[in-house]
Amino acid sequence: EAGVTQFPSHSVIEKGQTVTLRCDPISGHDNLYWYRRVMGKEIKFLLHFVKESKQDESGMPNNRFLAERTGGTYSTLKVQPAELEDSGVYFCASGQGPREQYFGPGTRLTVT
Amino acid sequence: TQLLEQSPQFLSIQEGENLTVYCNSSSVFSSLQWYRQEPGEGPVLLVTVVTGGEVKKLKRLTFQFGDARKDSSLHITAAQPGDTGLYLCADPYSGGGADGLTFGKGTHLIIQP
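Values in this document were obtained by computation on a predicted structure and should not be read as measured data.

Enquirer: Kindly report on the overall build of chain B, identifying the contributing residues and their values.
Expert: Check the secondary structure of chain B and you find zero helices and eleven strands. Overall, chain B shows an N-to-C arrangement of helices and strands of β-β-β-β-β-β-β-β-β-β-β. Against the globule reference of 13 Å for 113 residues, chain B gives a C-alpha radius of gyration of 14 Å, in line with a compact fold. When the backbone C-alpha atoms are referred to their principal axes, chain B occupies close to 45 × 30 × 20 Å.

Enquirer: If you had to explain the side chain of Thr62 of chain B to someone new, which residues and values would you point to?
Expert: For Thr62 of chain B, the position within the fold is in strand 7 (residues 61-65). Sequence-distant contacts of Thr62 of chain B, that is, excluding residues within four places in its chain, are made with Val55, Lys56, Lys57, Ser73, Leu74 and His75 of chain B.

Enquirer: Kindly report on the sheet that holds strand 1 (residues 5-7) of chain A, identifying the contributing residues and their values.
Expert: Residue and element names in this part refer to chain A. The strand order across the open sheet built from four strands is 1-3-8-7, with neighbouring strands paired in antiparallel fashion. One side of each edge strand has no neighbouring strand; the edge strands of this open sheet are strand 1 and strand 7 (65-68). If you compare each strand with its neighbour and ignore which way they point, the axes differ by 15° on average. With five bridges joining them, strand 3 (residues 19-24) and strand 8 (residues 75-79) adopt antiparallel strand pairing. Note that in strand 8 the partner of Thr20 across the bridge is Lys78.

Enquirer: Help me get a handle on the sheet that holds strand 8 (residues 71-76) of chain B, residues and values and all.
Expert: Residue and element names in this part refer to chain B. With respect to topology, five strands assemble into an open sheet ordered 1-3-8-7-6, the strand pairing being antiparallel. Edge positions in the sheet fall to strand 1 (4-7) and strand 6 (55-58), since each has one partner strand and no second. The average undirected angle you get between the axes of adjacent strands in this sheet is 15°. As judged from the six bridges shared by strand 3 (residues 19-25) and strand 8, these two strands associate in the antiparallel manner. Each residue of the ladder has a partner; that of Thr20, found in strand 8, is His75.

Enquirer: So what about the interface of chain A and chain B? Which residues, and what values?
Expert: Taken together, the contacts link 19 residues of chain A with 23 residues of chain B. Our count for the chain A to chain B interface comes out at zero salt bridges. The interface formed by chain A and chain B holds five residue pairs in polar contact (both at pLDDT 80 or more) in total. Only strand 4 (31-37), strand 5 (44-50), strand 6 (53-56) and strand 10 (100-103) of chain A provide two or more residues apiece to the side of chain A that touches chain B. In the side of chain A that touches chain B, the residues fall into eight nonpolar, six polar and five charged.

Enquirer: Talk me through the packing of aromatic side chains; I want residue IDs and the actual numbers.
Expert: Counted by the stated rule, this structure contains eleven aromatic pairs over all chains. Between Phe103 of chain A and Tyr35 of chain B the ring centres are 5.9 Å apart and the planes differ by 85°, which places this aromatic pair in the edge-to-face class. Placement of the pair is Phe103 of chain A in strand 10 and Tyr35 of chain B in strand 4 (residues 32-37), with the two residues belonging to separate chains. Take Phe103 of chain A and Tyr35 of chain B: they sit in the same class, and that class is buried. A network of ring pairs unites the aromatic residues Tyr33, Tyr35, Phe45, Phe91 and Phe103 of chain A together with Tyr35 and Phe103 of chain B as a single cluster. Note that Arg22 of chain A overlies the ring of Tyr74 of chain A, its terminal NZ or CZ placed 3.8 Å from the centroid.

What counts, and at which threshold
- Residues numbered from 1 in each chain as written.
- Chains lettered and ligands numbered in written order.
- Predicted model: local features only at pLDDT ≥ 70, side-chain atom pairs only at ≥ 80, totals over all residues.
- Heavy atoms only, no water.
- Helix = DSSP H or I, 4+ residues; strand = E, 2+ residues; numbered from the N terminus.
- Rg over C-alpha atoms; globule rule 2.2 N^0.38 Å.
- Contact = heavy atoms within 4.5 Å.
- Pairing = 2+ DSSP bridges.
- Axes fitted to C-alpha atoms, helices over the stretch in contact; angles between N-to-C directions.
- Salt bridge = Lys/Arg side-chain N within 4 Å of Asp/Glu carboxyl O.
- Polar contact = N/O pair within 3.5 Å; in protein donor to acceptor, adjacent residues only side chain to side chain.
- Nonpolar A, V, L, I, M, F, W, Y, C, P; charged D, E, K, R; others polar.
- Phe/Tyr/Trp six-rings, centres within 6.5 Å; stacked < 30°, edge-to-face > 60°.
- Buried < 20%, exposed > 50% of the residue type's maximum accessible area, 1.4 Å probe, protein only.
- Lys NZ or Arg CZ within 6 Å of the ring centre and 35° of its normal.

Rendered as structure tokens:
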């Protein structure tokens, strides 16, 4: 069974540009989570989808971040416009509940 | 907001030695999870502990949940190079209304051959 996949694995963009990260969860998983780890800090929760609905977006840092989950399948996280402090590793996870989360390999975003 | 403190931050030991890493919180955990993360990969769940005083074993790894559910430890016996990685503890129900896991910063473990 395929695991959680994320694309791209790396992205380097300039400040002010737009980047879209994609996550494909494990098939059948209704719950999809986004997390971010910035250098020197712990992994932090960003938001949670149940199917196509945003269940909790309390961790989203500001309105430059927009997450969508079309049709309850894959999800995208768009950062527009990107700032230097957005650099970090963005992880996606899917699962059947909060205690069961399978993580993807992450997208390393560098904003220069 | 609950904070999970992990110690030590870094640990480098020789193959065959034993080690223990810790996860502490000022608040009571509802339950606690341990993950291992390798370079270029996401965290992988090792174990979930729920009951105070609970001990779980996974081959050479022993996980213990404190009686008061405010701390946990991971003990590795006869460490091997394959145990190298970042060990993270996480609370699935950290309160404050957020649905996601609350992680500690992790312990970077290096097992030298």
